[in-house]
Amino acid sequence: VKTGRVIKSTGSHYQVVCDGTLWGCGVRGKLRISGLRTTNPVAVGDWVDFEPDDEGNGGQIVAIHPRSNYIIRRSVNLSKEAHVIASNVDQALVICTVARPRTSAGFIDRFLVTAEAYHIPAVIVFNKVDDLQSEDERLDLAILADTYAHAGYPVYKISARNPQHVQTMAGLLKDKVSLIAGHSGVGKSTLVNELIPGLNLKTSVVSESHNKGQHTTTFAEMHPLPFGGYIIDSPGIKGFGLVDLKPEDLPMLFPEMRALLPECRFYNCRHVNEPGCAVRQAVENGAIFPSRYKSYLSMLEDEDGGRKYREDGYE
Ligand SMILES: Nc1nc2c(ncn2[C@@H]2O[C@H](COP(=O)(O)OP(=O)(O)O)[C@@H](O)[C@H]2O)c(=O)[nH]1
Ligand SMILES: [Mg+2]
Ligand SMILES: [Zn+2]
């Protein structure tokens, strides 16, 4: 039995990297990770044990190692089944631009909350810094970057057209499995193409609009980086926003608020109108940025909880 990592799935067939080569594998018998009913037993990112067949380039997967985290998408038909898009993700990058297109603070905050809920470290990358066209746009970028650095997240300001910046990104991604999300048109494909010469992902602002609302089953793929590590690319990452959130979980999903919770008078403070709330105090004295608190409140008030994220157009 050999151990390898699944980097591509077509639903019944898997590409597994082991000993530096690719193995085409099927699945033997019924594999199930306890407690999770899924439409796909094996996901991209899984570490698996497989029995090689006689040809020496394929085999049968016989076991899945426990996952450190996973991203799921619930079936559209509201059955209990979930589709695991990817597992064992080291970090999630949200690529943002302040203009053309504009990425809102609300969008970034929802991404961050989802990453927290999935236990995936998040990184914020502002792209197209070469294309700031006014003082307003410059100021916008400065404020957003400051907001998230202050909340405790790594923040990068880059241009995918600047080789030095691309090198910085390479350093960030090296030897890790990274997921990349963000609005259409922010430069995801451009960046990935710079990182992986020869991959030639389609870049365009319009290409993805045709896919909106389609519910085709999608399988993620891990693209190997030439310097080590992988990038996860999947139309299904739209569903990155899909996680079962309960309003009472929210205070734990904003790191800067989580840190202050012990200082609130009530252990289960929701930071809305409770007396002795350290979070509201921090908002008032500027330690917590207003836009973060505003996002927190709007997510809290959202009676549908995580459900609403489905429409958010992550990819
Ligand atoms: N000025 C500028 N344009 C960029 C940059 N990165 C990407 N673009 C352009 O933005 C458009 C959308 O890029 P694309 O990679 O397709 O975005 P995606 O939808 O996120 O994959 C393309 O016309 C790119 O050439 C950048 O850093 N600076
Ligand atoms: Mg693209
Ligand atoms: Zn509080």
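No experiment lies behind these values; they were computed from the predicted model shown.

### A closer look at the overall build of the protein chain
Each helix and strand in the protein chain was counted, giving seven helices and 13 strands. Per-residue burial for the protein chain yields a buried fraction of 49% across its 315 residues. Within the protein chain, contacts between residues at least 6 apart in sequence are counted, and of these 66% link residues at least 24 apart. Summed over its atoms, the accessible surface of the protein chain is roughly 15,400 Å², and 51% of this surface lies on carbon and sulfur atoms.

### Observations concerning the environment of Leu 31
Along the chain, the position of Leu 31 falls in the loop between strand S3 (21–27) and strand S4 (47–52). Each C-alpha atom of the pair Leu 31 and Ala 63 lies 6.8 Å from the other, and the pair is 32 residues apart in sequence. Once you skip the residues sitting within four places of it in the chain, Leu 31 turns out to touch Pro 41, Val 42, Ile 61, Val 62, Ala 63 and Ile 64.

### Observations regarding the coordination of the zinc ion (ligand 3)
Around the zinc ion (ligand 3), the protein contributes the donor atoms Cys 264 (SG), Cys 269 (SG), His 271 (ND1) and Cys 277 (SG), which lie 2.1 to 2.4 Å from the metal centre. Look at where the donors of the zinc ion (ligand 3) fall in the sequence and you get C-x4-C-x1-H-x5-C.

### Considerations on unusual backbone geometry
The residue after Arg 100, namely Pro 101, is reached through a cis peptide bond having omega -5°. Along the chain, the position of Pro 101 falls in the loop between strand S8 (91–96) and helix H1 (105–118). One non-glycine residue, His 119, lies in positive phi territory at about 60°. Assignment of secondary structure puts His 119 in the loop between H1 and strand S9 (122–126). For Asp 175, which is not glycine, the phi torsion reads 65° and is therefore positive. Secondary-structure assignment places Asp 175 in the loop between helix H3 (163–173) and strand S11 (177–181).

Reading the values: rules and limits
- Residues numbered from 1 in each chain as written.
- Chains lettered and ligands numbered in written order.
- Predicted model: local features only at pLDDT ≥ 70, side-chain atom pairs only at ≥ 80, totals over all residues.
- Heavy atoms only, no water.
- Helix = DSSP H or I, 4+ residues; strand = E, 2+ residues; numbered from the N terminus.
- Buried < 20%, exposed > 50% of the residue type's maximum accessible area, 1.4 Å probe, protein only.
- Contact = heavy atoms within 4.5 Å.
- Areas by Shrake-Rupley, 256 points an atom, 1.4 Å probe, with all protein chains shown as cover.
- Donors = N, O, S within 2.8 Å, 3.2 Å for Na, K, Ca; no water.

Without other data, these values stay purely geometric and don't point to any function.
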